[in-house]
Amino acid sequence: MKAINLGVGAVVAVALCSATATAQMQFQNHLMPQPAQLSLGSGDLPLSATFAVETPAMSDGRLTNAIDRAVRRIESASGLRHAGRGAAGTTHLVVNVTHASSPVQSLDEDESYSLSVTPSGVKIEAATDLGAMHGLETLVQLVQPTGNGYAIHAVEIHDAPRFRWRGLMIDCGRHFEPLTVIKRNLDAMAAVKLNVFHWHLTEDQGFRIESRVFPKLTGIGSDGLFYTQQDAKDVVAYARARGIRVVPEFEMPGHSTAWLVAYPSLASGTTPDEVRREFGISDTAIDPTRDATYAFIDRFLTEMATLFPDAYVHIGGDETPAPDWKKNPRIIAFMRAHNLKDNDALQAYFNTRVLKIIARLHKHMMGWDEVLTPGLPKDVVVQSWRGEASLAKGAQLGYEGVLSAPYYLDAMKTAGVHYLADPVPSSSSLTLDERKRILGGEVCMWAEQLNERTIDSRIWPRTAAMAERFWSTESVRDVDDMYRRLIPVSVELEGLGLMHLASEDAGLRALAGTPNLASTPNMDALRRFASVLEPVPFSDRYDEQHTDQLTALDNLVDAVVPDPPSRHWFELAVKRLIADPKSDTADRDALAAWFSQLAASVPAVHQQMTASPRLAAASQRADQTLQLTAMGQQALHYLAGTENAPAGWKKQQLDTLDEINKPSALVRFTLWPAMGDLIKAVRE
Ligand code: ACM
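Residues numbered from 1 in each chain as written. Predicted model: local features only at pLDDT ≥ 70, side-chain atom pairs only at ≥ 80, totals over all residues. Heavy atoms only, no water.

Draft legend 1. Inspection of helix α12 (residues 388–397) at higher detail. What α12 keeps buried is the set Leu391, Gly394 and Ala395. Projected down its long axis, α12 shows its buried positions confined to an angular sector of 100 degrees, all on one face. If you follow the buried residues of α12, they end up packed against β16 (380–384), β17 (401–403), α14 (432–436) and β18 (438–445). (Buried < 20%, exposed > 50% of the residue type's maximum accessible area, 1.4 Å probe, protein only. Helix = DSSP H or I, 4+ residues; strand = E, 2+ residues; numbered from the N terminus. Arc of directions from axis to C-beta. Contact = heavy atoms within 4.5 Å.)

The following block contains the structure:
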């Protein structure tokens, strides 16, 4: 056995693994998230026959189903014939669980597990079936080819999460997501050990959960796009089967147009005629001054508690300018009578009354940053979207918190940037007690600019990198190694039904139009062109397009994916080349071939644009591809060292790059900023 200290970085771990490789196979560490402790054993477990499963201690339906799913995935990944349940396999898989998890998964559930693989079998040990499920996910990721078959290298893993709250929020209010989308995203969450699905169910643009007590909420407030109560129960059960809590969010008192259009008596003054189509911050708000408001919320939340068993209820609470509160004489009089000096004080009053309802339901309240107002009871969890500073402030004041600010997927940041954002880095000035109040992190998928065809590619694979941040030790932060492992995890997720890889191709095919698909090379050209483009961030797109709920989301910006593999590949190749420009011929040749292929795709793409107006909107980007590849080829030539660039060449190229960085067609090139580094490395 050779212990590997994962704290020094996974690249080192891989190097050590190679050093201890046996004759049979070299261990390839593809695990994401990385486990707390991993030691390599000698030999491997060949996957030539399916498993004989033993659960000597606790066993229940949830555990049995989780084992069945994992075994099936391992059988698929290793080309084994599927064995039915109870069939006699010969490869030993012992899953030894001490006791069942609590009926409603709590924040404090023991999620740890040990996994031991030897040439004679697998043993997973865990206090709870939740820990065992995490161990099974790790086992699936350990399968690797041997050359003539598949095997799992002998390993000993001891693992437990760093943070208890590892979430993904999906906004189903602004754009509705069908149940199949939700379920496959739950599968993906389980694969990377996320444990909280935060379901944003109400927005200005739509009320998405059926209330039988208040049927107009979806009857009028949803455009007919909502989850029935049975759907909600299905999602909760599906998530529970995968070790995931479901925290529902019902936005109040702001972001509440859909409540008010259905029940205008809840409004503070302005009553909307229809759900809001524009995005941004609405002026309308629930009236916090009437007892009838709280009676309504009480009945609604009491009904919702029958669907959502989790101990937490999220009430939103963000972005409530509520100008009506300053204009409505009745509200002004109420504020005066109750000594509430401003809107913040009135919202704090509202929160306190809603908190009483939630406490009566034996639940905890959660809200966005803005709920953190003076006098807020300490039993409220604050979800920080405005920055680490507000998370820290909450922790110092005694509130538990979850960090989301650096994990907004619609900012279109790279996986690497998200990955390095730590919920509470060791450099933080918080005391030990304050740090303990940071429960973890939550990735946020806001839905202004996505639909059911594009959502997976916005969430995955970047969220897998953040899942590692929330699970693994702080010192696991080698970005290049994360990108190396992101590729196999991405393929694993596709195997679970996620559409993040396939949707780009589907989007491009739809844009190309059928006449353009008659020839495969045309599609290849379009794919190549698209491979160096990614969507611009949410705010840039909003500024350029004024996206609203009815905007068609089927253009090039929607087909292309954030942080595609071309970006990191190019960045690495450029970094290596400029470190050794004369002798790194491998990277020079690879880059030259790549630039040539990219340039060669442009005529076919232009030709497709003549028959596809939606695609033609990006014709400037096609021209710029030629400019970029030409400057890249010239840079490679000069870096090879036979001649220097003429005086002024660099400035000219960098000016051209600045032009190319200006907005066009809502997409940007992934070659920036590494192309700038390549140009700057040239000598004049
Ligand atoms: C938020 O992004 N307004 C929570």
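So, next bit.
Draft legend 2. Main features of unusual backbone geometry. The omega torsion of the bond from Met32 to Pro33 falls at 5 degrees, within 30 degrees of zero and hence cis. Relative to the helices and strands, Pro33 resides in the loop between α1 (10–19) and β2 (37–46). Here Trp460 and Pro461 are connected by a cis peptide whose omega angle stands at 5 degrees. Structurally, Pro461 can be placed in the loop between α15 (455–459) and α16 (462–471). Not every positive phi belongs to a glycine, and Met412 is a case in point at roughly 55 degrees. Here Leu666, not a glycine, exhibits a phi torsion of approximately 65 degrees, which is positive.

Draft legend 3. Region of the structure containing helix α23 (residues 585–609). Its 25 residues give α23 an end-to-end C-alpha distance of 36 Å, which sits within 8% of 36 Å, the value for a rise of 1.5 Å per residue. At Val602, α23 is bent by approximately 25 degrees, the largest bend along its length, and proline Pro603 sits one to four residues beyond. Those residues of α23 not exposed but buried are Asp587, Arg588, Leu591, Trp594, Phe595, Leu598, Ser601, Val602, Ala604, Val605, Gln608 and Met609. Contacts from the buried residues of α23 go to α18 (502–512), α19 (520–530), α22 (565–579), α24 (613–616), α25 (619–640) and α27 (674–680). (Expected span 1.5 Å × (residues − 1). Bend = angle between axes of the 7 residues up to and from the residue.)

Draft legend 4. Broad picture of the packing of helix α10 (residues 329–337) against helix α11 (residues 343–360). Interaxial distance between α10 and α11 falls to 11 Å at its minimum, and their mutual angle equals 80 degrees. Here α11 runs roughly perpendicular to α10, going by the angle between their axes. Side by side, α10 and α11 meet where Ile331, Phe334 and Met335 of the first sit next to Asn343, Leu346 and Tyr349 of the second. Residues belonging to the contact of α10 with α11 are distributed by class as follows: five nonpolar, one polar and no charged. (Axes fitted to C-alpha atoms, helices over the stretch in contact; angles between N-to-C directions. Parallel < 35°, antiparallel > 145°, perpendicular 65-115°, else oblique. Nonpolar A, V, L, I, M, F, W, Y, C, P; charged D, E, K, R; others polar.)

Draft legend 5. Fine view of the packing of α19 against α23. The N-to-C vectors of α19 and α23 enclose an angle of 115 degrees; their axes lie 8 Å apart at closest approach. In this view, α19 runs roughly perpendicular relative to α23, as classed from their interaxial angle. α23 is crossed by α19, and the crossing has left-handed handedness. Of α23, the residues touching α19 (which contributes Asn522, Ala525, Leu526, Arg528 and Phe529) are Gln597, Leu598, Ser601, Ala604, Val605, Gln607, Gln608 and Met609. Of the residues assigned to the contact of α19 with α23, the class counts are seven nonpolar, five polar and one charged. (Left-handed = near helix turned anticlockwise from the far one by under 90°.)

Draft legend 6. Region of the structure containing the packing of aromatic side chains. The full count for this structure, using the stated rule, is 26 aromatic pairs. Consider the rings of Phe207 and Trp259, whose centres lie 5.1 Å apart with planes at 85 degrees: the pair is edge-to-face. Placement of the pair is Phe207 in strand β12 (residues 206–207) and Trp259 in helix α7 (residues 257–262), with a sequence separation of 52 residues. On the accessibility criterion, Trp259 (1% relative accessible area) is buried. (Phe/Tyr/Trp six-rings, centres within 6.5 Å; stacked < 30°, edge-to-face > 60°.)

Draft legend 7. Main features of the nonpolar core. Ranked by internal contacts, the top residues of the largest apolar core, which has 106 residues, are Trp199, Ile209, Phe250, Trp259, Leu301, Phe308 and Trp460. In terms of residue count, the dominant contributor to this core is α11 (eight residues). Once residues lying within four places of it in the same chain are set aside, the contact partners of Leu301 are Phe250, Met252, Val313, Val354, Ile357, Ile358 and Leu361. Core analysis: the second largest hydrophobic core is formed by 49 residues, Met523, Trp594, Phe595 and Ala674 among them. (Core = buried A, V, L, I, M, F, W, Y, C linked by side-chain atoms within 4.5 Å.)

Draft legend 8. Spatial organisation of the pattern of salt bridges. Inspection of every chain in the model, using the stated rule, returns 40 salt bridges. Here Arg242 ties to Asp187 by a salt bridge, and the two come within 2.6 Å at their closest N and O atoms. Note that Arg242 is positioned in the loop between α6 (229–241) and β13 (245–249) and Asp187 in helix α4 (residues 179–191), a separation of 55 residues in sequence. Since its relative accessible area comes to 12%, Arg242 is described here as buried. Residue Glu659 is joined to Lys662 by a salt bridge in which the shortest nitrogen-to-oxygen separation is 2.7 Å. On the accessibility criterion, Glu659 (46% relative accessible area) is partly exposed. Here Lys662 falls in the partly exposed class, since its relative accessible area comes to 45%. (Salt bridge = Lys/Arg side-chain N within 4 Å of Asp/Glu carboxyl O.)

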